[in-house]
Amino acid sequence: MQDNRHHADLTQLRAVSHPTRIRIMNIMEPGTACTVGDIAERIGESAGTISYHLRQLAKAGLVEQVPSPDGDARKSCWQASTPKLVVNADSDTDQASVEALAQSASTAATEARLRYYRAESSLPEPWQHSLDSMSIIRLTDAEFSQMQQELLAVADKWINTVGDRHTEGDGSEQVMVTLSAFRYLA
């Protein structure tokens, strides 16, 4: 299986540490141009706000400005310049960036969940079902490590084998998958 993910460096980690930038990256794909107006409409922000965030993502090498597919030079078009972005915080990553990204990712996931719940009853029936689960369990550190690896293996299967064969317009829809596991501190 080909791993088509890109591991973020510190500059990229900082660049995506904003909920709007996370949303922008979630709708952009390498090789597919999006206009600023299309992005603004899809996520409900002004074109000026989207342009600002695209420039910040471009400085980090995550997106690039490209010619309009229809040749209209008046359109500002952008595309992702990396495949799926993976963020792994390690001991070399500065704590402020890790915390900023964690807060932004949490905010983006919460906002996405709320958008879904507001629209759920208007979606086609098969899409009116979600999975939200939270448990606090007791594990040893070895069991915790094993659980993390097993959860990541399940997610990787769906992300890298099933999800990669779909494109916009083939009947598939984007699905947000969030996995969180950490020591619970009451």
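Residues numbered from 1 in each chain as written. Predicted model: local features only at pLDDT ≥ 70, side-chain atom pairs only at ≥ 80, totals over all residues. Heavy atoms only, no water.

> I tried to follow the overall build of the protein chain on my own but got confused; where do I start?
In terms of regular secondary structure, the protein chain is built from six helices and five strands. Along the chain direction, N to C, the helices and strands of the protein chain fall in the order β-α-α-β-α-α-β-β-β-α-α. The proportion of buried residues among the 186 residues of the protein chain is 26%. Only carbon and sulfur atoms are counted for the fraction: they give 53% of the accessible area of the protein chain, which is about 12900 Å². (Helix = DSSP H or I, 4+ residues; strand = E, 2+ residues; numbered from the N terminus. Buried < 20%, exposed > 50% of the residue type's maximum accessible area, 1.4 Å probe, protein only. Areas by Shrake-Rupley, 256 points an atom, 1.4 Å probe, with all protein chains shown as cover.)

> In this structure, what is going on with helix H2 (residues 19-27)? I would like to understand it.
In an α-helix, one full turn covers 3.6 residues, which means residues spaced three or four apart are oriented alike. For H2, a buried count of eight out of nine residues is recorded, marking the element as mostly surrounded by other parts of the structure. Looking at H2, one finds that the buried residues are Pro19, Thr20, Arg21, Ile22, Arg23, Ile24, Met25 and Ile27. If you follow the buried residues of H2, they end up packed against helix H1 (10-15), helix H3 (36-43), helix H4 (47-59), strand S3 (63-66) and helix H5 (95-119). (Contact = heavy atoms within 4.5 Å.)

> Any chance you could explain the sheet that holds strand S2 (residues 34-35) here in plain terms?
Think of a sheet as strands paired side by side through backbone hydrogen bonds, with each pair either parallel or antiparallel. The strand order across the open sheet formed by three strands is S2-S4-S3, and the pairing between neighbours is antiparallel. The open sheet has two free edges, formed respectively by S2 and S3, since each of these has just one partner strand. Pairing geometry for S3 and strand S4 (residues 77-80), over four bridges, is antiparallel. Bridging across to S4, Glu64 finds its partner in Gln79. (Pairing = 2+ DSSP bridges.)

> Explanation requested: the packing of H3 against H4 in the structure shown.
When two helices pack together, their arrangement is given by the angle between the helix axes and the distance between those axes. Their axes nearest at 9 Å, the elements H3 and H4 cross at an angle of 110°. By the angle between their directions, the pair H3 and H4 is classed as roughly perpendicular. Judged by the sense of rotation from one axis to the other, the crossing of H3 with H4 is right-handed. Judged by residue contacts, Val36, Ile39, Ala40 and Ile43 of H3 engage Ala47, Ile50, Ser51 and Leu54 from H4. Here the residues of the contact of H3 with H4 sort into seven nonpolar, one polar and no charged. (Axes fitted to C-alpha atoms, helices over the stretch in contact; angles between N-to-C directions. Parallel < 35°, antiparallel > 145°, perpendicular 65-115°, else oblique. Left-handed = near helix turned anticlockwise from the far one by under 90°. Nonpolar A, V, L, I, M, F, W, Y, C, P; charged D, E, K, R; others polar.)

> What am I meant to see in the pattern of salt bridges here?
Close approach of charged atoms lets side chains of opposite charge pair. This model, assessed by the stated rule, comprises three salt bridges. The partner of Lys75 in a salt bridge is Asp70, with the nearest N and O atoms 2.6 Å apart. Across the salt bridge formed by Asp132 and Arg113, the nearest N and O atoms sit 3.0 Å from each other. With a gap of 19 residues between them, Asp132 in the loop between H5 and helix H6 (141-162) and Arg113 in helix H5 connect regions that are remote in the sequence. Note on Asp132: relative accessible area 41%, which makes it partly exposed. (Salt bridge = Lys/Arg side-chain N within 4 Å of Asp/Glu carboxyl O.)

> Can you walk me through the environment of Ala108 in this structure?
Mapped onto the secondary structure, Ala108 falls in helix H5. For the pair Ala108 and His18, spaced 90 residues apart in sequence, the C-alpha to C-alpha distance is 8.4 Å. If sequence neighbours within four positions are ignored, Ala108 has contacts with Pro19, Ile22 and Met176.

> Please clarify how the environment of Val177 should be interpreted in this entry.
In this structure, Val177 sits in the segment after H6. For the pair formed by Val177 and Ala109, sequence separation is 68 residues and the distance between their alpha carbons is 9.2 Å.

> Before we go on, may I ask you to explain the nonpolar core in this structure?
Soluble globular proteins tend to bury their nonpolar side chains together. The biggest cluster of nonpolar side chains holds 21 residues, and the ones touching the most others in it are Ile24, Met28, Ile39, Ile50, Leu54 and Leu57. Elements supplying a minimum of two residues to this core: H1, H2, H3, H4 and S4. Take this core: its biggest share by element is four residues, from H3. Excluding residues that lie within four positions of it along the chain, Leu57 makes contacts with Ala15, Val16, Arg21, Ile24, Met25, Leu62 and Val63. (Core = buried A, V, L, I, M, F, W, Y, C linked by side-chain atoms within 4.5 Å.)

> Looking at this structure, how should I read the side chain of Ser104?
Looking at where Ser104 falls in the secondary structure, it is placed in helix H5. What makes Ser104 buried here is its relative accessible area of 6%. Ignoring anything within four residues of it in the chain, the contact list for Ser104 reads Ser17, His18, Pro19 and Ile22.

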